[in-house]
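Structural features, examined
One letter stands for each residue in the lines below.
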Amino acid sequence: MITRLGLGLAQAGGLYRTTGEQQAVATIDAAWQRGLRLFDTAPLYGYGLSEQRAGRALAARPRDQFVLSTKVGYVLEPDGPDGQDGWPEGDNVGLTPRFDFSYAGTYRSLEDSLSRLGLHKVDLLHIHDPDHHFEQAVSGSYRALTELRAAGVVGAISVGMCQAPMLERFLREVDGPGFDCVMLAGRYTLLDQSGLDSLLPLCLERGIAVLAAGVYNSGLLSNPTPGSHYDYAPPSQAMLTRALALRDVCERHGVPLRAAALQFPLTHPAVTAVIVGARSPEQVDDNIVMFDHPIPDGLWTDLRRRGLL
């Protein structure tokens, strides 16, 4: 059981700019005080810093009162070959990631994560962005995750990606008991509903929960300007024009674009929760205000009528 709104902890690891230990912990504390009980981290985020900070922030909280998810697919080691830009604080920890979706690598990744988190188990474990590693993720990570779930070290298992077709492939092709949920990032938003083509109907049919992440598409739906990002890159003029059109319609209905973007994924019955990041307690408060903002049904009707949904 999870809250409908979860806190993504990429910013706790210093995504794009330094967050710092004190602010990261204060942000998680603010989310707790406001009632959020779903927290999502990963080894990649700050090359372990996000997991460490999450562990320290949640250490005094009752363990049965929150859901914590992390990910496998990146093993952190000195001079790992698959370092990624965007983690300025991670550059100082002496570790960088190496892709590893093998059976042994999955066990090692989780063992390292549990050590950083200071926990004996995680509630939800995702296979993290296996876009170019499908076969190894099935034969290695998935096999390990099913064992870990059966042993009670992991409560539920998932795969998370920024695309819908391969998520569907995982659901259709893996043997055994299968996944409990999937994390779909950026593909069921006001700007991109490609998850609706076949993934979301499949999940609804099979009772597989969908966690929607990346609902602002890297920021364009939060603040549509030429300096914003769409899927981690500058937006095309066509995409910026579309985002501005969405904002105009939302404002006519008295709804901030951020509120519509945050709540839209939950209009589909397969979507269980939305996970959104925050870098400060103030951003946590804003997310919750946007999540609770009333949205008239006429807004969605108007967006469809104008060809924007």
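For the structure itself, look to the data block above.
Calculation criteria
- Residues numbered from 1 in each chain as written.
- Predicted model: local features only at pLDDT ≥ 70, side-chain atom pairs only at ≥ 80, totals over all residues.
- Heavy atoms only, no water.
- Helix = DSSP H or I, 4+ residues; strand = E, 2+ residues; numbered from the N terminus.
- Rg over C-alpha atoms; globule rule 2.2 N^0.38 Å.
- Areas by Shrake-Rupley, 256 points an atom, 1.4 Å probe, with all protein chains shown as cover.
- Lys, Arg positive; Asp, Glu negative; His and termini not counted.
- Charge placed at Lys NZ, Arg CZ, Asp CG, Glu CD.
- Core = buried A, V, L, I, M, F, W, Y, C linked by side-chain atoms within 4.5 Å.
- Buried < 20%, exposed > 50% of the residue type's maximum accessible area, 1.4 Å probe, protein only.
- Contact = heavy atoms within 4.5 Å.
- 1 Å grid on protein atoms, 1.4 Å probe; cavity = no way out; pocket = protein on both sides within 12 Å on 5 of 7 lines; lining within 4 Å.
- Points joined across faces, edges and corners; volume = space filled by probe spheres on them.
- Nonpolar A, V, L, I, M, F, W, Y, C, P; charged D, E, K, R; others polar.
- Polar contact = N/O pair within 3.5 Å; in protein donor to acceptor, adjacent residues only side chain to side chain.

Another point: the overall build of the protein. Within the protein, the secondary structure is distributed over 10 helices and 10 strands. For a compact globule of 309 residues, the expected C-alpha radius of gyration is about 19 Å, and the protein comes in at 19 Å, within 12% of that figure. Counting only C-alpha atoms and orienting by the principal axes, one finds that the protein spans roughly 55 × 45 × 35 Å. When the accessible surface of the protein is totalled, it reaches about 12900 Å², and 51% of it is carbon and sulfur. Once the 27 positive and 35 negative side-chain charges of the protein are each reduced to a mean point, those two points are 5 Å apart.

Take the nonpolar core next. Counting residues in hydrophobic clusters, the biggest one holds 86 residues, and the most contacted among them are Phe 39 and Leu 190. Setting aside its immediate chain neighbours within four residues, Phe 39 contacts Leu 7, Leu 9, Ile 28, Ala 31, Trp 32, Leu 58, Phe 66, Val 67, Leu 68 and Ser 69. In this structure, Ala 156, Met 183, Ala 185 and Leu 211 belong to the second largest nonpolar core, which totals 11 residues.

Right, let's get into the layout of surface pockets. A volume near 1500 Å³ is recorded for the largest pocket. Lining the largest pocket we find 50 residues, and of these Ala 10, Gln 11, Leu 15, Ser 218 and Tyr 232 sit closest to its centre. When contributions to the lining of the largest pocket are tallied by element, the ones reaching two or more residues are strand E7 (154-161), strand E8 (181-185), strand E10 (271-277) and helix H9 (281-292). Of the residues in the lining of the largest pocket, the class split is 19 nonpolar, 20 polar and 11 charged. Estimated volume of the second largest pocket: approximately 260 Å³. Lining the second largest pocket we find Met 1, Ile 2, Val 67, Asp 123, Leu 124, Gly 155, Ala 156, Asp 180, Cys 181, Ala 209, Leu 211 and Thr 272. Only strand E6 (122-128), E7 and strand E9 (209-213) provide two or more residues apiece to the lining of the second largest pocket.

On to the environment of Ser 158, then. Mapped onto the elements of the fold, Ser 158 is located in strand E7. Looking at Ser 158, the relative accessible area reads 0%, which means it is buried. The spatial distance from the C-alpha of Ser 158 to the C-alpha of Lys 71 is 9.0 Å, given a sequence separation of 87 residues. Contact partners of Ser 158, with chain neighbours within four places excluded, come to Leu 124, Leu 125, His 126, Ile 127, Leu 145, Phe 179, Cys 181, Val 182 and Met 183. Within the structure, the side chain of Ser 158 is placed 2.9 Å from the side chain of His 126, a separation counted as a polar contact.

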